[in-house]
Amino acid sequence: MNHSYNYCYQIYKLFVKRLNKVENIQLKNFQILTALLISLLITPVFAGNDQITKGNQAYKSGRYDEALSSYEKAAEKNPDSGYIYFNKGAALYKKGEYQKASEMFEKAAIKSKNLLLEAQSEYNQGNAKFHQSAKLQQSDLEKSVEVLTESITHYQKALKLDPKQNDAAYNLEVSRLTMKQLLTQLKEQQQQEQQQQDEQKQDQEKLEELIKQQEELADKTQELEKESKNGDSATNQQKAQQLAKEQEEIKKETEKLTQKMEQPGKEDFAKSQAKEHLEKSQKEQESAKNDLKKENLPNAHQAQKKAAEEMKKAQAALSDEGEQSDDENKQDDSQKQVGEQQQDQAKNEPPSEQQQSQPEDKQLDEDAHKILSDEKENKERRQLGVIGDIRPVERDW
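Residues numbered from 1 in each chain as written. Predicted model: local features only at pLDDT ≥ 70, side-chain atom pairs only at ≥ 80, totals over all residues. Heavy atoms only, no water.

1. Side note on the overall build of the protein
Check the secondary structure of the protein and you find twelve helices and zero strands. Looking at the protein as a whole, 43% of its 397 residues qualify as buried. Total accessible area on the protein stands at roughly 22200 Å², and carbon and sulfur atoms take up 46% of it. (Helix = DSSP H or I, 4+ residues; strand = E, 2+ residues; numbered from the N terminus. Buried < 20%, exposed > 50% of the residue type's maximum accessible area, 1.4 Å probe, protein only. Areas by Shrake-Rupley, 256 points an atom, 1.4 Å probe, with all protein chains shown as cover.)

Okay, structure coming up:
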């Protein structure tokens, strides 16, 4: 899993390097668009033009908060300007506020009557979503995949609006490679979670068995206590020693189970509580064993009862964890169904073929070369003017 993540991180660094180059183009684009708008209209008619110019100057100097303030003032006079929303999105993007930036680019695309600006807005939404997805990779892989899917959709829309936008085609293919890696990681994560659930079930079954053994041993001790009042002393002593051995065996099995409750580097309140109760149970088991050896049957019986009680408390803690896990799984399934429905709606725009792939590193290298080769061919076709005949990007995840 670590190897897959490292490979994915290398792709991400390559993508960021590419984005840094593209961002300079973005800045140039929206300055040119703004300048064109000014040249077409008389300055007094385009109210707020001075604030846009001021904001662009602040943006170029890296003063993004100041740029945003100027764009906000310009928006007061031109609330429906797609250019202003675009500029606000660019400043927010530079600040690393990718969700807000994406929202601004979305508004720019909706408000704009210029196909070039709309295409650039879709492209920038793709970039913002890609960054959002990267941030989620460590905390929520499923959400990361969902956001990356949105990023891919925006790149596809950008290419549909402007087939000559080579950067969108490049980023689209990088996103596809990243998607493959994320899905591989996600599958590995799900397998690990399933393995943990299986182990947890085994632990609960083992604990149930130990509780039964401990209670049966307590009953034997109580029965021996009654017999000892009238029975043969030597025979009772022999039986007490045998019960002590049985108690020792139960204690050893309880210790093994307690060790399995320990998970270094991972906090788990339920297992921590279970471990605490099992440790208390072991102390009572040790006391019971020693009392049996001394033929102190009443004390041994009381210690055994306390040991069983602590084991039941541990069982309750693990059961609560299992119920919580089931609830989370149901919630995840519900969210997944909603996500799939949303993705089905989005598929009306991009190609709809969908299948999961788990390539090895060698296969990924082959895919990368194939992507570069395909993009080179697409570029040549675009240069020849065959705009309407570009092959759609295949979705193979």
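Still to come is the rest of the account.
2. Things to note about the environment of Glu122
Within the secondary structure, Glu122 sits in helix 6 (residues 115-136). On the accessibility criterion, Glu122 (9% relative accessible area) is buried. Sequence spacing of Glu122 and His154 is 32 residues, and the spatial spacing of their C-alpha atoms is 5.1 Å.

3. Some details on the packing of helix 3 (residues 64-77) against helix 4 (residues 82-94)
Interaxial distance between helix 3 and helix 4 falls to 9 Å at its minimum, and their mutual angle equals 160°. As summarised for this structure, helix 3 and helix 4 are arranged roughly antiparallel, according to the angle between their axes. The handedness of the crossing between helix 3 and helix 4 is left-handed. Across from Tyr64, Leu68, Tyr71, Glu72, Ala74 and Ala75 in helix 3, the residues of helix 4 making contact are Ile84, Asn87, Lys88, Ala91, Leu92 and Lys94. Grouping the constituent residues of the contact of helix 3 with helix 4 by class yields eight nonpolar, one polar and three charged. (Axes fitted to C-alpha atoms, helices over the stretch in contact; angles between N-to-C directions. Parallel < 35°, antiparallel > 145°, perpendicular 65-115°, else oblique. Left-handed = near helix turned anticlockwise from the far one by under 90°. Contact = heavy atoms within 4.5 Å. Nonpolar A, V, L, I, M, F, W, Y, C, P; charged D, E, K, R; others polar.)

4. Re the pattern of salt bridges
Between side chains of opposite charge, pairing is possible as soon as their charged atoms come close. Applying the stated criterion across every chain, the model contains 22 salt bridges. Residues Glu150 and Lys129 are paired through a salt bridge, measuring 2.9 Å at the closest nitrogen-oxygen approach. Taken as a pair, Glu150 in helix 7 (residues 141-161) and Lys129 in helix 6 lie far apart in primary sequence, 21 residues in all. Salt bridges here are not isolated pairs; linked through shared partners, they connect Glu248, Lys251, Glu255, Glu286 and Lys289. (Salt bridge = Lys/Arg side-chain N within 4 Å of Asp/Glu carboxyl O.)

5. Quick look at the packing of helix 6 against helix 8 (residues 166-227)
Where helix 6 meets helix 8, the closest approach of the two axes is 11 Å, and the angle between their N-to-C directions is 25°. One finds that helix 6 runs roughly parallel with respect to helix 8. Between helix 6 and helix 8 lies a crossing of left-handed hand. Mapping the contact onto sequence places Tyr123, Asn127, Phe130 and Ser133 in helix 6 and Asp167, Ala168, Asn171, Ser175, Thr178 and Leu182 in helix 8. In terms of residue class, the contact of helix 6 with helix 8 is made up of four nonpolar, five polar and one charged.

6. Things to note about helix 5 (residues 98-111)
Between its first and last C-alpha atoms helix 5 spans 20 Å; for 14 residues at 1.5 Å apiece the expected length is 20 Å, and the two agree. Here helix 5 has its buried residues at Tyr98, Ala101, Ser102, Met104, Phe105, Ala108 and Ala109. Down the axis, helix 5 shows its buried residues gathered within 165° of arc, on one side only. Residues of helix 5 that are buried sit in contact with helix 4 and helix 6. (Expected span 1.5 Å × (residues − 1). Arc of directions from axis to C-beta.)

7. Quick notes on the packing of aromatic side chains
Evaluated as defined, the whole model comprises four aromatic pairs. Residues Tyr93 and Tyr98 carry aromatic rings whose centres are separated by 5.4 Å and whose planes lie at 75° to one another, so their mutual orientation is edge-to-face. Tyr98 gets classed as buried once you look at its relative accessible area, which sits at 15%. (Phe/Tyr/Trp six-rings, centres within 6.5 Å; stacked < 30°, edge-to-face > 60°.)

8. Points about the environment of Tyr59
Relative to the helices and strands, Tyr59 is located in helix 2 (residues 49-60). Residue Tyr59 is classed as buried on the basis of its relative accessible area, which comes to 4%.

9. Some thoughts on the confidence of the model for the protein
Across the protein, the average pLDDT comes to 75, with 67% of residues at or above 70. Long-range and interchain partners of residues 15-46, a stretch whose pLDDT sits below 50, account for 48 contacts in this model, where long-range means more than four residues apart. (pLDDT = per-residue confidence, 0-100.)

10. A word on the environment of Pro79
With respect to the helices, strands and loops of the structure, Pro79 is situated in the loop between helix 3 and helix 4. C-alpha separation for the pair Pro79 and Lys111, spaced 32 residues apart in sequence, amounts to 9.6 Å. In contact with Pro79, other than residues within four places in its own chain, are Tyr85 and Lys111.

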